[in-house]
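Each chain is listed here by its residues.
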Amino acid sequence: MRELAEREIDGATGRIGRGGAGKGRRSVTVNLAESPLSWLQARGMVTARQFEAGERLRADYETAALGARVTMAWDAAPARRGHRGPDAPLDPTLAQIAAKRRFDAAIMAAGPGLSDILWRVVCACEGLSVAEKALGWPVRAGKLVLGMALDRLADHYGLG
């Protein structure tokens, strides 16, 4: 999915601002729907195996609804149904619980030193530079540590 927006580039720092470009200023088109992980993969900084592992983690994070809710839930109460067969799909609550268990197992497999960068970049969609600052790491350390974390995550998922 593409959600393109024009962003102004600050000439002094080279950083991308929120507003569109004014007269005589430089701008760049950014895809607001692109995750930091897909951005890294598109530039060859993350392998397909690492990307797949990160996407699995993010899918479990989203399915488990671990992110903060920002609106009221207006979901209807589930209707009472008869006996479920073994091939019946999981109801949303059971799917959410299963995703939470898979997410917890994956984070535990990554380990305490690597799970922080995984959560920040893959689940919270923070950029590497923002995650490095928040963790108090030196510049460019995040890419190396994220690669190690994604490798460990791929091993956990059994990706070849």
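Keep in mind that this is a model prediction, so the values were computed, not measured.

Calculation rules
Residues numbered from 1 in each chain as written. Predicted model: local features only at pLDDT ≥ 70, side-chain atom pairs only at ≥ 80, totals over all residues. Heavy atoms only, no water. Helix = DSSP H or I, 4+ residues; strand = E, 2+ residues; numbered from the N terminus. Expected span 1.5 Å × (residues − 1). Buried < 20%, exposed > 50% of the residue type's maximum accessible area, 1.4 Å probe, protein only. Arc of directions from axis to C-beta. Contact = heavy atoms within 4.5 Å. Salt bridge = Lys/Arg side-chain N within 4 Å of Asp/Glu carboxyl O.

## With respect to helix 3 (residues 92-110)
Residue pairs spaced three or four apart in an α-helix point in one direction, given the helix's 3.6 residues per turn. Here helix 3 spans 27 Å end to end across 19 residues, near enough to the 27 Å set by a 1.5 Å rise per residue. The set of residues buried in helix 3 consists of Ala99, Phe103, Ala106, Ile107 and Ala110. All buried residues of helix 3 lie within an arc of 95° about the axis, which places them on one face of the element. Turned more than 90 degrees away from the buried face of helix 3, the exposed residues are Arg101 and Met108. The elements touched by buried residues of helix 3 are helix 2 (48-63), helix 4 (112-123) and helix 6 (141-157).

## Topic: the pattern of salt bridges
Opposite charge on two side chains makes pairing possible when the charged atoms of those side chains draw close. Scanning all chains against the criterion turns up seven salt bridges. Put simply, Arg102 and Asp60 hold a salt bridge, and the shortest N to O gap is 2.9 Å. Residue Arg102 is found in helix 3, and its partner Asp60 is found in helix 2; the two are separated by 42 residues along the sequence. For Arg102, a relative accessible area of 41% gives the class partly exposed. Residue classification places Asp60 among the buried positions, given a relative accessible area of 7%. Residues Glu126 and Arg120 are paired through a salt bridge, measuring 3.2 Å at the closest nitrogen-oxygen approach. Salt bridges linked by common partners bring Arg49, Asp151 and Asp155 together as one network.

## Considering the environment of Arg58
Looking at where Arg58 falls in the secondary structure, it is placed in helix 2. Classification of Arg58 by relative accessible area gives partly exposed; the value is 22%. Discounting chain neighbours no more than four positions away, the residues touching Arg58 are Ser35, Val122 and Cys125.

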